[in-house]
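Here is how the chains run, residue by residue.
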Amino acid sequence: MSRTRSLWIAMALALLVALLVQAAPAGAGTANILRAKTMVGVPQAFTGSTNATLIRGIPGGGIPWTVGRSRVRLTVNGHLIVKVHGLVLASGDLAGTNPVGSFRAIVSCLTADATVANVTTDAFPATTGAATDGGGTARFEGDVLLPDPCIAPIVLVTSPTGAWFASTGG
C-alpha cells in the first residue's frame, strides 16, 4: 500500500470519527439546568407555615436559619448534587448550631401547564453541633425524577418533614 493511500485512509477514518462524535452530543442529558454557588437560609419572614411564607407550597423552618458555603448542581436528566457547610440556626438558644441529624432536598419545578411539581429526595446525614465544629455540613448526590419540562427550578434543603432551611438564591 502506498504512503499516499495510507494517509488518505487515515484522514478518512479521522473524519468518520469526528462525524460520529458530533452525532452523539457530548454529555447528552448532563447539561446543567441549575448551578448555584450560594444558598440563602430561611429568614424570619419565611418561618412558619402561613400562606405568606410558603415557597411553592413549602413552609419555612420554625425559626431563621443561616448557611455558610454551599453548592448545588442539577442536570437535565435529574442528577442532583447538594453540598452545604454551616447550615445552622440563626437565632434562639441554639443559634450557630444544627440540632437536626438529617436533611432532605426538594427540587421544585414549574410544569408546562404552570403547576408546581416538588420532588423530594431521601433523607441524607447532616452533622449536628456548632458550625465552628463542622455542624450543619451535609452532602447529597443522587437522581430525582424531574417533570418534563422542569421550568425555573429551585432547590431547597429541608428538615426530614419538609420545612425548608436553605434555598438556592442569594
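Structural data are supplied above this passage.
Thresholds applied
- Residues numbered from 1 in each chain as written.
- Predicted model: local features only at pLDDT ≥ 70, side-chain atom pairs only at ≥ 80, totals over all residues.
- Heavy atoms only, no water.
- Helix = DSSP H or I, 4+ residues; strand = E, 2+ residues; numbered from the N terminus.
- Contact = heavy atoms within 4.5 Å.
- Phe/Tyr/Trp six-rings, centres within 6.5 Å; stacked < 30°, edge-to-face > 60°.
- Buried < 20%, exposed > 50% of the residue type's maximum accessible area, 1.4 Å probe, protein only.
- Salt bridge = Lys/Arg side-chain N within 4 Å of Asp/Glu carboxyl O.
- Disulfide = S-S within 2.5 Å.
- Pairing = 2+ DSSP bridges.

**Things to note about the overall build of the protein**
Within the protein, the regular secondary structure consists of one helix and 14 strands. Counted over contacts in the protein with a minimum sequence separation of 6, partners at least 24 positions apart contribute 63%.

**Topic: the packing of aromatic side chains**
As enumerated under the stated definition, the model contains five aromatic pairs in all. Relative to W164, the ring of F46 has its centre 5.9 Å away and its plane inclined at 65°; by these criteria the two rings are edge-to-face. One end of the pair, F46, is in the loop between β2 (39–41) and β3 (65–66); the other, W164, is in strand β14 (residues 164–168), and 118 residues separate them in sequence. The class for F46 is partly exposed, based on a relative accessible area of 30%.

**Focus: the pattern of salt bridges**
One pass over the structure, following the stated rule, counts one salt bridge. For R139, the salt bridge goes to E141, with nearest N and O atoms at 3.0 Å.

**Side note on unusual backbone geometry**
Going from D148 to P149, the amide bond is cis rather than trans, its omega being 5°. Look at A114: it is not a glycine, yet its phi comes out positive at around 70°. Note that A114 resides in the loop between β8 (102–110) and β9 (116–120). Its relative accessible area of 64% is what places A114 among the exposed residues. With a phi close to 50°, A152 is a non-glycine residue in the positive phi region. Position of A152 relative to the elements: it lies in strand β13 (residues 151–158). Taking relative accessible area as the criterion, A152 reaches 38% and is therefore assigned partly exposed.

**Observations concerning the state of the cysteines**
Here, the word disulfide means a covalent bond between the sulfur atoms of two cysteines. Scanning the entire structure with this criterion turns up one disulfide. The residue that forms a disulfide with C109 is C150, at a sulfur-sulfur distance of 1.9 Å. In this structure, the disulfide formed by C109 and C150 twists by about -75° around the S-S bond and is classed as left-handed. Of this pair, C109 sits in strand β8 while C150 sits in the loop between β12 (138–143) and β13; the two residues are 41 residues apart in sequence, bridging distant segments of the chain. For C109, a relative accessible area of 0% corresponds to the buried category.

**Details of the environment of G134**
Within the fold, G134 resides in the loop between β11 (129–130) and β12. Here the alpha-carbon distance between G134 and G86, two residues 48 residues apart in the chain, equals 6.8 Å.

**Some points on the pairing of β13**
Successive side chains on a regular strand alternate, one facing one side of the sheet and the next facing the other. Counting buried residues along β13, six of its eight residues qualify, which places the element largely inside the surrounding structure. Pairing analysis gives six bridges linking β8 to β13, with the strands arranged antiparallel. Across the sheet, the residue bridging to L110 is I151, located in β13. Bridging between β13 and β14 involves three bridges; their strand directions are antiparallel. Counted as the bridge partner of V157 is A166 from β14. Between β13 and the antiparallel strand that follows it, β14, lie five residues; G162 among them carries a positive phi value of about 105°.

Shape is all these values report; function is a separate question.
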